[in-house]
Amino acid sequence: MSSENLPQSPEQPPRKPRVAVVFGGRSSEHGISVVTAGAVLRAIDRTKYDVLPIGITTDGRWALTADEPERMAIADRTMPNVSDLADSVEGGVVLPLDPGNREVVYSEPGSVPKALGEVDVVFPMLHGPYGEDGTLQGLLELSGVPYVGSGVLASAVGQDKDYMKRVFSSFGLNVGPYLVIRPREWRQDEEGARRRIAEFAGEHGWPLFIKPARAGSSIGITKVDSFEGLDEAIAEAQHHDPKILVEALLRGREIECGVLEFEDGPRASVPAEIPPVQAHDYYDFEAKYIDSAPGIVPAPLTPEETAEIQRLAVEAFEAASCEGLVRADFFLTEDGEFVINEINTMPGFTPISMYPQMWEKSGVSYPELVDRLIQAALNRSTGLR
């Protein structure tokens, strides 16, 4: 019998790329990370990708969670938590450390470890320290697993507002007046640190903003109008980060701009404006996520102002060696000058977040945005690049 008459085995369809969505984490932004991941899980095209949701608890355990994004939303003004979503209170997920092996393993005490299959790309929906700051990115580089977003250096720079401002200044971008109080300085000479803040206030005036140097989502920030509330504000900031930042008030409009990496390089979205929020002294965590303060998209700027902030946003992206995506936040001062406040290398990504809204108005839908980020990560190598 000739081989052409033998029964032929049906061809197996090609395996879909597997996306591990990692969320939660040990930072104070744990809850909003879970909310963000829920939105991304809803948007990922399941005909195109397999998905593996992995939550990191507040104590650092990597937990296998159900693919149930409806349980990952804010309910009764309360943030969701990975511990409530985990399949087990003890089981843990382990990523491979061998660059030649992308097999993810799940294990529970007293049970045989279970292989969960290979992961082709990680979508790290983590905010704040231990995730957005280069720590997870370093682990993924060691593992040889591609991931969405910036690498180790850009992630670290984007998390630490002290060094972020130093980088921007060195590239000629305007930053507002600020002062850094490091942990050793505060431990060894509190009075000296207070004197420095007093001198800063004498030069730039009140109010001042006291904030953690390495936190996001406006967590731990206090607006201080006099020395009377200073120590309490410092304690609040140090609860989230022993290194604190003191910033002068910049009078003007808050303008944001999204940057997304395309095949030909980074491009900027239409900008958005964050108007003054009634019932909130400034754009704090509750205004952003609980009370859902609406932004204005696109921002009511002149064509020249729009072009300028788009140019500056891309410049900030390049200055910090970012990849994938960034949200750049600026002040448009009363004298018409753009001053960069900060960048977010993994910005809020819920449907109400400004970054997706800006790209929606720029012609890139939420599902398309998620897909573009995954594809860019799949096409980018790990290691030096």
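Placed above this text is the structure.
Here goes a summary of the coordinates provided.

1. Some details on the packing of helix α1 (residues 30-43) against helix α12 (residues 366-378)
- Two numbers describe how α1 lies on α12: the axes approach to 9 Å, and their chain directions differ by 95 degrees. The orientation of α1 with respect to α12, classified from their angle, is roughly perpendicular. Of the residues in α12, those in contact with T36, A39, V40 and A43 of α1 are Y366, P367 and V370.
- Classifying every residue of the contact of α1 with α12 by side-chain character gives six nonpolar, one polar and no charged.

2. Topic: the nonpolar core
- Among the nonpolar cores identified, the biggest contains 35 residues, and V21, F23, I44, F123, M125, F349 and V370 are the most heavily contacted of them.
- The contact partners of V21, leaving out residues within four places of it in the chain, are A37, L41, I44, V51, L52, P53, I54, F123 and M125.
- Judged by nonpolar contacts, the second largest core, of 25 residues, contains L173, L301, A320 and A328.

3. Quick notes on unusual backbone geometry
- Between W206 and the following residue, P207, the backbone shows a cis peptide bond with an omega angle of 0 degrees.
- Structurally, the position occupied by P207 is in the loop between α7 (190-204) and β9 (208-212).
- The omega torsion across V297 and P298 is -5 degrees, close enough to zero to call that bond cis.
- Within the fold, P298 resides in the loop between α9 (285-290) and α10 (303-319).
- With a phi close to 55 degrees, D76 is a non-glycine residue in the positive phi region.
- Within the secondary structure, D76 is located in the loop between β3 (62-64) and α2 (82-85).
- For S321, which is not glycine, the phi dihedral falls at a positive 60 degrees.
- Along the chain, S321 turns up in the loop between α10 and β15 (325-333).

4. Looking at the sheet that holds β3
- On the basis of which strands lie adjacent, the open sheet formed by four strands has the order β3-β2-β1-β7 and mixed pairing. Among the strands making up the open sheet, the edge pair consists of β3 and β7 (121-125). Across the sheet, the mean angle from the axis of one strand to that of its neighbour is 30 degrees, orientation sign disregarded.
- In this sheet, β7 lies alongside strand β1 (residues 18-24) in parallel orientation, the contact comprising five bridges. Note that in β7 the partner of V21 across the bridge is F123.
- Across the sheet, α12 lies against β1 and β7, angled at about 130 degrees from β7, the strand it touches most.

5. Side note on helix α8 (residues 230-240)
- Listing the buried residues of α8 in full gives L230, A233, I234 and A237. All buried residues of α8 project into a common sector of 100 degrees when viewed along the axis, lining one side. Counted as exposed and oriented over 90 degrees from the buried face of α8: E232 and H239.
- Considering only its buried residues, α8 is in contact with α6 (183-188), α7, β9, β10 (222-224) and β11 (244-248).

6. Structural notes on the pairing of strand β12 (residues 252-262)
- Where β12 meets β15, nine bridges bridge the pair, whose relative direction is antiparallel. Bridge pairing in β15 links E256 to D329.
- The sheet contact formed by β12 and strand β14 (residues 272-274) spans three bridges and is antiparallel. Bridging from a neighbouring strand, E254 pairs with I274 of β14.
- Relative to strand β13 (residues 265-268), β12 runs antiparallel, the two sharing four bridges. Bridge assignment links V259 to a residue of β13, and that residue is A268.
- Counting the residues in the hairpin turn of β12 and β13 gives two residues.

7. Looking at the packing of aromatic side chains
- Overall, the coordinates contain six aromatic pairs when judged by the stated rule.
- Both rings, one in W206 and one in F227, keep their centres 4.9 Å apart while their planes meet at 75 degrees; by these two values the pair is edge-to-face. Here the residue W206 occupies a position in the loop between α7 and β9, and F227 occupies one in the loop between β10 and α8, the gap between them amounting to 21 residues.
- Site record: aromatic cluster; members linked through ring pairs are F123, F349, Y355 and Y366.
- A cation over a ring is seen here: R26 above Y130, with NZ or CZ 4.0 Å from the ring centre.
- Over the ring of Y178 we find K165; its NZ or CZ atom is 5.5 Å from the centre of that ring.

8. Let's talk about the side chain of S27
- Along the polypeptide, S27 turns up in the loop between β1 and α1.
- Taking relative accessible area as the criterion, S27 reaches 10% and is therefore assigned buried.
- Polar side-chain contacts of S27 include one of 2.7 Å to the backbone oxygen of H127.
- Among all residues touching S27, those that are not within four sequence positions of it are H127, G128, P129 and Y130.

So, how was this worked out
Residues numbered from 1 in each chain as written. Predicted model: local features only at pLDDT ≥ 70, side-chain atom pairs only at ≥ 80, totals over all residues. Heavy atoms only, no water. Axes fitted to C-alpha atoms, helices over the stretch in contact; angles between N-to-C directions. Helix = DSSP H or I, 4+ residues; strand = E, 2+ residues; numbered from the N terminus. Parallel < 35°, antiparallel > 145°, perpendicular 65-115°, else oblique. Contact = heavy atoms within 4.5 Å. Nonpolar A, V, L, I, M, F, W, Y, C, P; charged D, E, K, R; others polar. Core = buried A, V, L, I, M, F, W, Y, C linked by side-chain atoms within 4.5 Å. Buried < 20%, exposed > 50% of the residue type's maximum accessible area, 1.4 Å probe, protein only. Pairing = 2+ DSSP bridges. Arc of directions from axis to C-beta. Phe/Tyr/Trp six-rings, centres within 6.5 Å; stacked < 30°, edge-to-face > 60°. Lys NZ or Arg CZ within 6 Å of the ring centre and 35° of its normal. Polar contact = N/O pair within 3.5 Å; in protein donor to acceptor, adjacent residues only side chain to side chain.

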